[in-house]
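# Residue-level structure breakdown
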Amino acid sequence: MSPAPAERPHSEWPLLDLANRLMEQYPGHRVEIIGGQILVSPPADRAHARALTSLMLPFLDAGLHGDDAEVLQAIGIWLPDGREDYAIPDLSVVDADLEDHHIENNCYDPVSFRLVLEVTSSNYKTDLRTKVTAYANAKVPVYVIVDRRHNRLHVLTDPAADEYETHRVHAPGELVTLPESIGAKVTLDVAEVLRAAASGPKAE
């Protein structure tokens, strides 16, 4: 994420300036501002990265990475919660004209986001609580959480105010078809997703 533009007064965006300095000081860490608070996440482990690679495949197979939409990792979404708030979802499905909706600090208007997805890490409560509120407020239509701590897959839809009206939790053995509002029919095998996200050698 690039530093603040030189022409902008240094004091205009104090949290953004601090967040950018933290990213320079801690390469590989993810720095976000949610609810006016700076959150710093450690670099992803191998299982986290492997899960994201596996998760991208059904979206790509469904044709969601083309002329109409893109499937992207770690792209910033500008949040309405606070003046400087933004998050960096692990994975997003966005409209192909995303660049036309750039707002600030390499972050984009949430109107361009069809789906966001997080794979939990040590700070799992952020994904399961804080970001639920943030993404609902931003009216992101679909929020998917790969919950590695509890071995579940969460699918949240129908954002209203600071929560999602529909929150379904799926266990291994289930096949989950995501809302076709994302632009295509995508079905996730919960067991397969969680197996890819598990720590240690990949299970056969």
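What this report covers is the structure whose coordinates are included nearby. Counting restarts for each chain, with residues numbered from 1 along the sequence as it is written. pLDDT decides what is reported in this predicted model: residues at 70 or higher carry local features, side-chain atom pairs at 80 or more are listed and counted, and totals for whole chains, interfaces and linings draw on all residues regardless. Excluded from the side-chain calculation are hydrogens and water; included are all heavy atoms of the structure.

### Some words on the environment of Val116
- Note that Val116 resides in strand S9 (residues 113–119).
- Overall, the relative accessible area of 0% leaves Val116 in the buried class.
- Sequence-wise, Val116 and Thr177 are 61 residues apart; in three dimensions their C-alpha atoms are separated by 15 Å.
- Contact definition: two residues touch when any of their heavy atoms are within 4.5 Å. Each residue touching Val116, except ones within four places of it in the same chain, is listed here: Pro89, Leu91, Ser92, Tyr135, Val140, Val142, Tyr143 and Val144. Per the convention used, a helix needs a DSSP run of H or I reaching at least four residues, while a strand needs a run of E reaching at least two, with both numbered from the N terminus. Here's how the labels work: a residue is buried when its accessible area is under 20% of the maximum for its type, exposed when over 50%, partly exposed in between, all with a 1.4 Å probe on protein chains only.

### Considerations on the pairing of strand S6 (residues 91–95)
- For S6, a buried count of 4 out of 5 residues is recorded, marking the element as mostly surrounded by other parts of the structure.
- Of the strand pairs in this sheet, strand S3 (residues 69–73) and S6 are connected by 5 bridges, and their pairing is antiparallel. Note that in S6 the partner of Glu70 across the bridge is Val94.
- Here 4 bridges tie S6 to S9, and the two strands are oriented antiparallel to one another. The partner of Val93 across the bridge, within S9, is Leu115. Any two strands between which DSSP finds at least two bridges are classified as paired.

### A short note on the layout of surface pockets
- By volume, the largest pocket is sized at about 240 Å³.
- In this analysis the probe radius is 1.4 Å and the grid spacing 1 Å, with only protein atoms considered; a cavity is a set of points the probe fits into but cannot get out of, a pocket is an open set with protein on both sides within 12 Å along at least five of seven lines, and lining residues have an atom within 4 Å of a point. Along its surface, the largest pocket is lined by 19 residues, and Arg30, Ser41, His48, Asp90 and Ser121 are the ones closest to its centre.
- Under this grouping Gly is polar, as are all residues other than the nonpolar Ala, Val, Leu, Ile, Met, Phe, Trp, Tyr, Cys and Pro and the charged Asp, Glu, Lys and Arg. Looking at the lining of the largest pocket residue by residue, the classes come out as 6 nonpolar, 7 polar and 6 charged. Grid points are joined across faces, edges and corners, and a volume is the space filled by probe spheres set on the points.

### Let's talk about a negative patch on the surface
- Think of a patch as exposed residues, more than 30% relative accessible area, with no salt bridge, where like charges cluster within 9 Å and nonpolar side chains (Val, Leu, Ile, Met, Phe, Trp, Tyr) cluster within 5 Å. Method for areas: the Shrake-Rupley scheme with a 1.4 Å probe, in which residue coverage is limited to the protein chains shown. Salt bridges are identified by distance alone: a Lys or Arg side-chain nitrogen within 4 Å of an Asp or Glu carboxyl oxygen. The charge count includes Lys and Arg as positive and Asp and Glu as negative, but it does not include His or the ends of the chains. Throughout, a charge is located at the NZ atom of Lys, the CZ atom of Arg, the CG atom of Asp or the CD atom of Glu. Together, Asp81, Asp158, Asp162, Glu163 and Glu165 make up a region of like negative charge exposed at the surface.
- Relative to the helices and strands, Asp81 resides in the loop between strand S4 (76–78) and strand S5 (86–87).

### Topic: the packing of aromatic side chains
- Stacked, tilted and edge-to-face are the three classes applied to pairs of Phe, Tyr and Trp rings, where Trp contributes its six-membered ring and a pair requires centres within 6.5 Å; stacked means planes under 30 degrees apart, edge-to-face means over 60, and tilted covers the rest. If you walk through the whole model with that rule in mind, you get 3 aromatic pairs.
- Residues Trp13 and Trp78 carry aromatic rings whose centres are separated by 6.2 Å and whose planes lie at 80° to one another, so their mutual orientation is edge-to-face. Of this pair, Trp13 sits in the segment before helix H1 (14–25) while Trp78 sits in strand S4, and the two are 65 residues apart along the sequence. Just as Trp13 is buried, Trp78 falls in that class too.
- Centroid distance Tyr135 to Tyr143: 4.9 Å. Interplanar angle 75°. Geometry classified as edge-to-face. For the pair shown, Tyr135 and Tyr143 are each scored as buried.
- An aromatic cluster is present here, built from Tyr135, Tyr143 and Tyr164 joined pairwise through their rings.

### Examining the sheet that holds S6
- Read from one edge to the other, the open sheet built from 6 strands follows the order S3-S6-S9-S10-S11-S12, with strand pairing classed as mixed. The sheet is open, and its two edges are formed by S3 and strand S12 (163–170), each paired on a single side. Taking the axes of each pair of neighbouring strands and ignoring which way they run, one obtains an average angle of 15° across the sheet.
- Relative to strand S10 (residues 142–147), S9 runs parallel, the two being bridged by 5 bridges. The residue bridging Leu115 from the neighbouring strand is Val142, located in S10.
- Each axis is a line fitted through C-alpha atoms, taken for helices only over the stretch in contact, and angles between the N-to-C directions span 0 to 180 degrees. Seen against the sheet, helix H2 (residues 46–61) touches S3, S6, S9 and S10 and runs at an angle of roughly 150° to S9.
- In the packing of helix H3 (residues 124–137) onto the sheet, contacts are made with S9, S10, strand S11 (152–160) and S12, and the angle to S10 comes to roughly 170°.

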